[in-house]
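# Report on the structure
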Amino acid sequence: MTTTTLEDRPVTTTTAIPVPPPPAGPAARLRWAAADTWTITGRALAHWARQPGQVVAGLLFPVLVVLMMGYLFGGQTEVPGGGDYRAYVMPGMFAMAMLFGVENTFAAVATDKRRGVTDRFRAMPMAPSAMVAGRAVADLLQAAAALVVMPLCGLLVGWRWHDGVGRALAAFGLLLALRLAMVAVGAYLGLVASGPESLMVVQILVWPVSFLSSALVVPATLPGWLAAIAEWNPLSATVTAGRELFGDPVPGSGSWAAEHALTLAVAWPVLLAAVFFPLAVRRYRNLDR
Amino acid sequence: MGEHMIRATGLRRRFGRATALDGLDLAVPAGVVHGLLGPNGAGKSTTVRVLATLIRPDGGRAEVAGHDVVRDAARARTRIGLVGQHAAVDELLTGRQNLVLFGRLFHLTTRTARARAAELLAAFRLEEAADRPVRGYSGGMRRRLDLAAGMILAPPVLFLDEPTTGLDPRARTEVWDAVRALAEGGTTVLLTTQYLEEADRLAHSLSVIDHGRVIAEGSPDLLKSRVGGDRLDVAVADPADLPAAAAVLARISGGEPETDAAAARVGAPVADRAAALTEAVRALDAAGVEVADIALRRPTLDEVFLALTGDRSPQEPAPDDRPTARTEAAV
């Protein structure tokens, strides 16, 4: 029997462990939260290092969609009001990739909750905001990688930005803002859901949001009430703003939402994040309390 | 802080219409392994989750290591370790990465977190597997890593919620050894379990919980003696002799003997061990009962449990757990 080895060794510890007292005051609390956020982000980065195949597979899907859209449909379709469908649909693809990110966030958060990792975090003196904030940083890094690879493929199939690098970067910034909002929504849903198997429900919700938007279709071709829904869809705001900034065709419908796409592309993500980040953190703190 | 590391008074908690805790009291002195024993849904896990600051009680108060778990939760969290029902470790990371991650979240410096991880990996005999992903660990190794993660700050109080549920006997022994070692090091351990054997082997003291309150308290031995001390079991060679044997036992014990006709066995609680045994052998012989087996034994905690909670056994074995004629025929 090897049981004695365990008892011979110091399980408690030989040296006293300096237990840091919880932070007092807002500045200390902020430093504490920043450190925890970075630790949680580091955990996600370590996951990627362990599973490089998953990261590649995650990037492959949007790439395939971009190439398919570019080669299969690109040559055949014209946008009403003029313009190449390939150029029209490319910003839609970018934005849809950001929207679909909600599934990754949801799955990661719901899995941690199911496995009891979330409870372990909650019983520790770490900052309650760090779980969501760390997830946000990691997911934005992943989204940024997708926003490098997808446009490169876009260039390959003939898509271009026409109005300079500055405006193109602004468009990518808006896309990341949408992804950030999706982190907040995904984290909240992941904490509310009974488990990772509810991912199906999120997937079912994500599809109508993508199709009832200007990402793939031209809202002007839809019946009036559907067109209104499509134009006020947060996804459409980002897509239309992206088209304006990249210099891609924007078939104007004259509606307020379409005319103020840039404003809405900032306002929607800010609003969603402002609502769902606090909700997610509150839910995390009070998980079945 | 007082002499109690864990102290709860009148804890109440409802989930919707279900009452999980109904005025639960608990006091655990420092350095003790205390067992919470009870059937499924009795309130064991809820108790641990309240004490580990995960659930807010609706009523009552609780202090852990001198810190109120509601008003001073942040401070309480630096004094506790929690090992929940799942092995709450990151499957993709290595054992070492897990411990460093948790150490960093306790705000140890990277250096201290690394040193502490190495120390714990050695203490829990995980050195060889330290740099492999947890996904490939056995159940026992996962649990030991889980325990190690709960011990990062060497907290004075450790909560273990059913630490061996779902483990094979070998892994269970590994975890028991680890818990004993922690207790020897001075850690106060609160342990919930459905396994009476586990409570019997590990706990210095027990609280038996049912319907959200403590229905009995004391050392395992004390609880056993409360149900009538020792028992005398007699197995007869001829089942026809059962009534005669029961009559003999009734006379000796002064209580009502329990007859198990299927096993041709009759048993009763007895007060004076050796005298009762001698007396029984003599009386059974005189009555012409042929004895197949006779034994004195302490009651099992199962019997204690049944006596305290009525008909509900904590393990609630399914009826087909017992080998019946049908299952034997199937073999």
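A brief structural summary. (Residues numbered from 1 in each chain as written. Chains lettered and ligands numbered in written order. Predicted model: local features only at pLDDT ≥ 70, side-chain atom pairs only at ≥ 80, totals over all residues. Heavy atoms only, no water.)

## Things to note about the packing of aromatic side chains
- Taken as a whole and judged by the stated rule, the model has 12 aromatic pairs over all chains.
- Note on Trp159(A) and Phe246(A): the rings are 5.1 Å apart at their centroids and 85° apart in plane angle, and the pair reads as edge-to-face. Here Trp159(A) is found in the loop between helix H6 (130–156) and helix H7 (165–192), whereas its partner Phe246(A) is found in helix H10 (residues 234–246), with 87 residues between them in sequence. Each member of the pair, Trp159(A) as well as Phe246(A), carries the same accessibility label: buried.
- A centroid spacing of 5.8 Å and a plane angle of 55° characterise the contact between Tyr188(A) and Phe276(A), whose relative ring orientation is tilted. With Tyr188(A) in helix H7 and Phe276(A) in helix H12 (residues 261–285), this residue pair connects regions lying 88 residues apart in the sequence.
- Given the relative accessible area of 22%, Tyr188(A) is considered partly exposed.
- Put simply, the rings of Phe94(A), Trp159(A), Trp161(A), Phe172(A) and Phe246(A) touch in pairs and so form one group of aromatic residues.
- For the cation-ring pair, Arg120(A) lies above Phe102(B), with the distance from its terminal atom to the ring centre recorded as 5.3 Å.
- The ring centre of Tyr88(A) lies 3.5 Å from the NZ or CZ of Arg243(A), which sits over that ring. (Phe/Tyr/Trp six-rings, centres within 6.5 Å; stacked < 30°, edge-to-face > 60°. Helix = DSSP H or I, 4+ residues; strand = E, 2+ residues; numbered from the N terminus. Buried < 20%, exposed > 50% of the residue type's maximum accessible area, 1.4 Å probe, protein only. Lys NZ or Arg CZ within 6 Å of the ring centre and 35° of its normal.)

## A look at the pattern of salt bridges
All names here are of chain B.
- Tallied over the full model, the rule gives 26 salt bridges over all chains.
- The closest approach of N and O atoms between Glu-258 and Arg-231, which form a salt bridge, is 3.5 Å. Taken together, the positions of Glu-258 in strand S12 (residues 258–260) and Arg-231 in strand S11 (residues 230–236) put the pair 27 residues apart, joining distant regions of the chain.
- Among the residues examined, Arg-231 registers a relative accessible area of 11% and is labelled buried.
- Residues participating in the shared-partner salt-bridge network are Arg-61, Glu-63, Asp-68 and Arg-71. (Salt bridge = Lys/Arg side-chain N within 4 Å of Asp/Glu carboxyl O.)

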